[in-house]
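Listed below, chain by chain, are the residues.
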Amino acid sequence: GTKIVRVPANPSDATLEVMAGYGEAKDWGLDLARDISDWRAGKLSWDDVDKGILLSGPPGVGKTTLANMLLYAHLERSWEPVVIRRDLAEGQKLFQRGKSQIFYFDDFMGATFLGDRASGLLRNEDRAISDFIEMVRASPNARLVLTTREHIFGQAVAASERLRHVGLNGHKTI
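Cut-off values and rules
- Residues numbered from 1 in each chain as written.
- Predicted model: local features only at pLDDT ≥ 70, side-chain atom pairs only at ≥ 80, totals over all residues.
- Heavy atoms only, no water.
- Salt bridge = Lys/Arg side-chain N within 4 Å of Asp/Glu carboxyl O.
- Helix = DSSP H or I, 4+ residues; strand = E, 2+ residues; numbered from the N terminus.
- Buried < 20%, exposed > 50% of the residue type's maximum accessible area, 1.4 Å probe, protein only.
- Pairing = 2+ DSSP bridges.
- Right-handed = clockwise from strand over helix to strand, strands pointing away.

(A) Focus on the pattern of salt bridges. Under the counting rule described, the total for this entry stands at 3 salt bridges. Where Arg-162 meets Asp-126, a salt bridge forms, and the shortest distance between an N and an O atom there is 3.7 Å. Here Arg-162 is found in helix α6 (residues 161-165), whereas its partner Asp-126 is found in helix α4 (residues 117-138), with 36 residues between them in sequence. The exposure class assigned to Arg-162 is partly exposed, which follows from its relative accessible area of 30%. What makes Asp-126 buried here is its relative accessible area of 3%.

What follows is the structure, encoded as structure tokens:
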């Protein structure tokens with residue numbers, strides 16, 4: 001599943017294992033690394049392994065830093081990074097079934113506010129988000145790390161029934 005975690009503080013160190021102040025988000029990353037190892041060893045069902053995380057919070061709390069640490073933790077385990085810069089269609093084009101890939105999209109909903117884009121979100125972007133999450137959910141070799149500002153995420157969920165049903169509201173997992 002994918003979990004939404006509000007990032008509480010800034011990091012003080014360079015690896016996920018020693019980072020301070022991230023609470024639940026750090027625990028999720030460390031648990032995910034253990035779950036992947038257990039799954040590969042046949043000790044855990046694939047259905048019990050989380051597929052991604054959405055980090056939301058105010059500007060400056062360390063969402064991007066934590067997302068980078070999660071990305072680096074996967075790189076240490078030979079996962080291919082897919083850093084998305086424009087939109088989720090970019091990630092879909094780079095998706096390779098059977099290859100261990102981690103998709104990373106920082107500020108995936110933009111850096112300020114949805115404003116007039118809310119109507120566009122209802123028409124297009126919410127479907128792209130939902131489809132991408134479903135693609136990752138269906139692949140045993142894909143992971144997803146998204147970051148967004150809390151207020152933008154709240155606007156998007158309020159404007160889109162699709163996003164409410166894909167499991168991104170509150171602390172639900174997908």
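(B) Looking closely at the pairing of strand β4 (residues 101-105). Burial within β4 is extensive, with 5 of its 5 residues counted as buried. Burial along β4 is two-sided: Gln-101, Phe-103 and Phe-105 facing one way and Ile-102 and Tyr-104 facing the other are all buried. Looking at chain direction, strand β3 (residues 80-83) and β4 are connected through 4 bridges and run parallel. Note that in β4 the partner of Val-82 across the bridge is Phe-103. Read from β3 through helix α3 (residues 88-94) to β4, the crossover connection turns out right-handed. In this sheet, strand β5 (residues 142-149) lies alongside β4 in parallel orientation, the contact comprising 5 bridges. Bridging across to β5, Phe-105 finds its partner in Leu-146.

(C) Main features of unusual backbone geometry. Of note, the phi angle at Ser-78 is positive, near 70 degrees, even though the residue is not glycine. Considering the arrangement of structural elements, one finds Ser-78 in the loop between α2 (63-75) and β3. For Asp-107, which is not glycine, the phi torsion reads 50 degrees and is therefore positive. Inspection of the secondary structure puts Asp-107 in the loop between β4 and α4.

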